[in-house]
Amino acid sequence: MKKVLQTKNLSKSYGKSQVLKNIDLTITSGEFTAIMGPSGSGKTTLMNVLSTIDKFSGGEVWLEEQALLDLNKKALRTFRQERMGFIFQDYNFLDTLTIKENILLPLSLRKFSSDEMERRLRPVIQALNIEEIQDKYPTEVSVGQKQRASSSRAIITNPAIVFDLLFMN
């Protein structure tokens, strides 16, 4: 199996407080991985570091054999947009956009053509059974439909990895 994400000796400190210490992790293509532990154990910090939302203090992180330390801020932002998908607890929908427009937003920001966006949209919304709500606004759909729409937005870019931050506190 292809390695999608790998860490070696990953550490994260806030001042003198070390939250993550020497984490070695490998996630391969097609694998589902859950991060579990008691409150305060560093789950959110680990997810934030792995997803490049936060920087790590020590060690190494690779996504698809790309060392994240090698990327400057702009390259990291582009890499995140192209290779990572995110499902957020509060969905991060824009209420002024329809569900379809919210799903297509990552492609629109990357200046995909309308034809390419439509080509990618069809199978995703069909697979998640949300075709009937695509023209509704986020305030007009159920929580379950929002979850599926958020999942659609996360996978429409064909990312290497999807971070589901639904249950992170």
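This one's a predicted model, so the numbers in the text were calculated from it and none came from an experiment.

Engineer: Quick question: what am I supposed to make of the overall build of the chain here?
Structural biologist: When helices and strands are counted, the chain shows 5 helices and 6 strands. A compact globule built from 169 residues would reach a C-alpha radius of gyration of about 15 Å, and the chain, at 17 Å, matches this within 12%. Overall size of the chain, expressed as C-alpha extent along the three principal axes, is 50 × 30 × 30 Å. Taking all 169 residues of the chain together, 37% fall into the buried category. Considering only residue pairs separated by 6 or more positions, the chain has 65% of its internal contacts joining residues 24 or more positions apart. By element, 50% of the accessible surface of the chain is carried by carbon and sulfur atoms, the whole surface being about 10000 Å². Between the mean site of the 23 positive side-chain charges and the mean site of the 19 negative ones, the chain shows a separation of 6 Å.

Engineer: Where do I start with the side chain of Ser-152 in this structure?
Structural biologist: Following the sequence through the fold, Ser-152 ends up in helix α5 (residues 143-155). Residue contacts for Ser-152: discarding those within four places in its chain leaves Ile-103, Val-124, Leu-128 and Ile-130.

Engineer: Before we go on, may I ask you to explain the pairing of strand β1 (residues 3-14) in this structure?
Structural biologist: Across a regular strand the side chains alternate sides, sitting on one face of the sheet and then on the other. Note that β1 and strand β2 (residues 17-28) share 8 bridges and pair antiparallel. Within the sheet, the bridge partner assigned to Lys-3 lies in β2 and is Thr-28. Connecting the antiparallel pair β1 and β2 is a turn made up of 2 residues, with Gly-15 showing a positive phi of about 65 degrees. Bridge analysis of β1 against strand β3 (residues 58-63) gives 5 bridges, and the strand direction is antiparallel. From the neighbouring strand, Lys-8 faces β3, where its bridge partner is Glu-60.

Engineer: I'm lost on the pattern of salt bridges in this one. Help?
Structural biologist: Side chains bearing opposite charge may pair, as long as their charged atoms lie close to each other. If you walk through the whole model with that rule in mind, you get 7 salt bridges. For Arg-83, the salt bridge goes to Glu-64, with nearest N and O atoms at 2.8 Å. Within this pair, whereas Arg-83 is found in helix α2 (residues 73-83), its partner Glu-64 is found in the loop between β3 and β4 (66-67), the two being separated by 19 residues in sequence. For Arg-83, a relative accessible area of 22% gives the class partly exposed. Looking at Glu-64, the relative accessible area reads 24%, which means it is partly exposed. With a shortest N-O distance of 3.2 Å, Arg-122 and Glu-118 are connected by a salt bridge. Of this pair, Arg-122 and Glu-118 both sit in helix α4 (residues 114-127), 4 residues apart, which is roughly one turn of that helix. By relative accessible area, which is 30% here, Arg-122 ends up partly exposed. The exposure class of Glu-118 is partly exposed, given its relative accessible area of 28%. Overlapping salt bridges, with partners in common, bring together Lys-2, Glu-64 and Arg-83 in one network.

Rules used in this analysis
Residues numbered from 1 in each chain as written. Predicted model: local features only at pLDDT ≥ 70, side-chain atom pairs only at ≥ 80, totals over all residues. Heavy atoms only, no water. Helix = DSSP H or I, 4+ residues; strand = E, 2+ residues; numbered from the N terminus. Rg over C-alpha atoms; globule rule 2.2 N^0.38 Å. Buried < 20%, exposed > 50% of the residue type's maximum accessible area, 1.4 Å probe, protein only. Contact = heavy atoms within 4.5 Å. Areas by Shrake-Rupley, 256 points an atom, 1.4 Å probe, with all protein chains shown as cover. Lys, Arg positive; Asp, Glu negative; His and termini not counted. Charge placed at Lys NZ, Arg CZ, Asp CG, Glu CD. Pairing = 2+ DSSP bridges. Salt bridge = Lys/Arg side-chain N within 4 Å of Asp/Glu carboxyl O.

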